[in-house]
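Chain by chain, the residues:
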Amino acid sequence: MSATPFRQLALQGAAVIVVLSLAWPYYGWQAEAMPWRETSLSIGGIALLFATLTRQPWWWRLIHAGFMPLVWITYRLAIDPGWFLLAFILLLLVYRGALSGQIPLYLSNRQTVAALDRLIARENARCILDLGAGLGSTLIPLTDAWPERQFTGTENAPATWLASRLLGVGRPNLQLRWGDLWQTPLTGQDLVYAFLSPAPMERLWQKAQAEMTPGSLFVSNSFPVPGVAPSELIEVPGSPPRPLYCYRIQ
């Protein structure tokens, strides 16, 4: 089962149907009120089981396990619905990639930035692109280290893009664009870096092969391209480890 929102909704719905189809007849026969706390916990447990059996990413498993218990808690707290709307808007502004493309917000650590710095020097890369630039935590220090090189980042979450623009002010060799990575051209880039998730890697590799110049380098943090052996694997120390999978464009 793929991790699209509609599939996830169906999975959660299946857990609700399974639990309620057993609970309603039982408590109806006993003429007792249904214990909604226990019912919500049961739905969360069944949803977690379904998510695990269908090999969903870990963040979807957490969402499935906690969704219905959180619904019950918020119902008991009688929270004004306006707060839910505000929370949804804030989440959309920051985690749009996770909702629309199964790409959570990941921030590269200092060890990764140092490894990329060495790659830029070794490859003599003049144009570097970060797909999913987030807060600019990768590009900004690299831009400062290489003022004569051109760095570009693309980010589709409005809040994180705006934050990166503010943090990156005063750097003429840095461009931070708000947009979809699938609409971002890879042509002319010597090194393309991505720290996304397993979900888009196969499609992204096809895009890289079609658009990047032969001899250039595609680098994925933590997530390899399925079925493709990297031309180089760079181990990056940290907790957890964040290896860089490097693919030379042929």
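The structure under discussion appears in the preceding block.
What counts and how
Residues numbered from 1 in each chain as written. Predicted model: local features only at pLDDT ≥ 70, side-chain atom pairs only at ≥ 80, totals over all residues. Heavy atoms only, no water. Helix = DSSP H or I, 4+ residues; strand = E, 2+ residues; numbered from the N terminus. Buried < 20%, exposed > 50% of the residue type's maximum accessible area, 1.4 Å probe, protein only. Contact = heavy atoms within 4.5 Å. Expected span 1.5 Å × (residues − 1). Arc of directions from axis to C-beta. Salt bridge = Lys/Arg side-chain N within 4 Å of Asp/Glu carboxyl O. Phe/Tyr/Trp six-rings, centres within 6.5 Å; stacked < 30°, edge-to-face > 60°. Lys NZ or Arg CZ within 6 Å of the ring centre and 35° of its normal.

**Q** What's the story with the side chain of Thr-39 in this structure? I'm lost.
**A** Tracing the backbone shows Thr-39 in helix H2 (residues 36-53). Judged by relative accessible area, which is 5%, Thr-39 ranks as buried. The contacts of Thr-39, once residues within four sequence positions are left out, are Val-19, Leu-20 and Met-34.

**Q** Just checking my understanding: could you explain H2 for this structure?
**A** Every α-helix carries 3.6 residues per turn, so stepping three or four residues along brings you back to the same face. Between its terminal C-alpha atoms H2 stretches 25 Å, which fits the 26 Å expected from 18 residues at 1.5 Å a residue. Every buried residue of H2 is accounted for by Thr-39, Ser-40, Ile-43, Gly-44, Ala-47 and Ala-51. Considered in projection along H2, the buried side chains sweep an arc of 140 degrees and stay on one side of the axis. Exposed side of H2, more than 90 degrees from the buried face: Leu-41 and Leu-53 are the residues found there. Phi for Arg-55, located one or two positions after H2, is positive at around 60 degrees.

**Q** What's the story with unusual backbone geometry in this structure? I'm lost.
**A** Among all residues except glycine, the phi angle is most often negative; among peptide bonds, the trans geometry is most common. The backbone of Arg-55 shows a phi angle near 60 degrees, a positive value even though the residue is not glycine. Under the relative-accessibility criterion, Arg-55 is labelled exposed at 73%. Here the phi dihedral of Ser-222 falls at roughly 80 degrees; this positive angle occurs in a residue that is not glycine. Considering the arrangement of structural elements, one finds Ser-222 in the loop between strand S5 (217-221) and strand S6 (232-234). Judged by its relative accessible area of 14%, Ser-222 is buried.

**Q** Explain the pattern of salt bridges here, please?
**A** Two side chains bearing opposite charge may form a pair once their charged atoms approach each other closely. Under the criterion given, the structure shown has 7 salt bridges. A salt bridge links Glu-123 to Arg-248; the nearest nitrogen and oxygen atoms lie 2.6 Å apart. Here Glu-123, found in helix H5 (residues 110-123), pairs with Arg-248, found in strand S7 (residues 244-248); they are 125 residues apart in sequence, far enough to count as distant. Across the salt bridge formed by Arg-171 and Asp-144, the nearest N and O atoms sit 2.7 Å from each other.

**Q** Honestly, the packing of aromatic side chains in this entry has me stumped. Any pointers?
**A** How two aromatic rings sit relative to each other is given by the distance of their centres and the angle of their planes. Under the definition given, this model contains 5 aromatic pairs. Measuring from ring centre to ring centre gives 6.1 Å for Trp-205 and Phe-218, while their planes differ by 40 degrees; the resulting arrangement is tilted. Of this pair, Trp-205 sits in helix H8 (residues 201-211) while Phe-218 sits in strand S5, and the two are 13 residues apart along the sequence. Here Trp-205 matches Phe-218 in class, with each residue buried. In textbook terms, an aromatic cluster arises when at least three aromatic residues are bridged by ring pairs, as seen for Trp-205, Phe-218 and Tyr-247. Here the guanidinium or amino end of Arg-203 rests over the ring plane of Trp-182, the centre of that ring lying 3.9 Å away.

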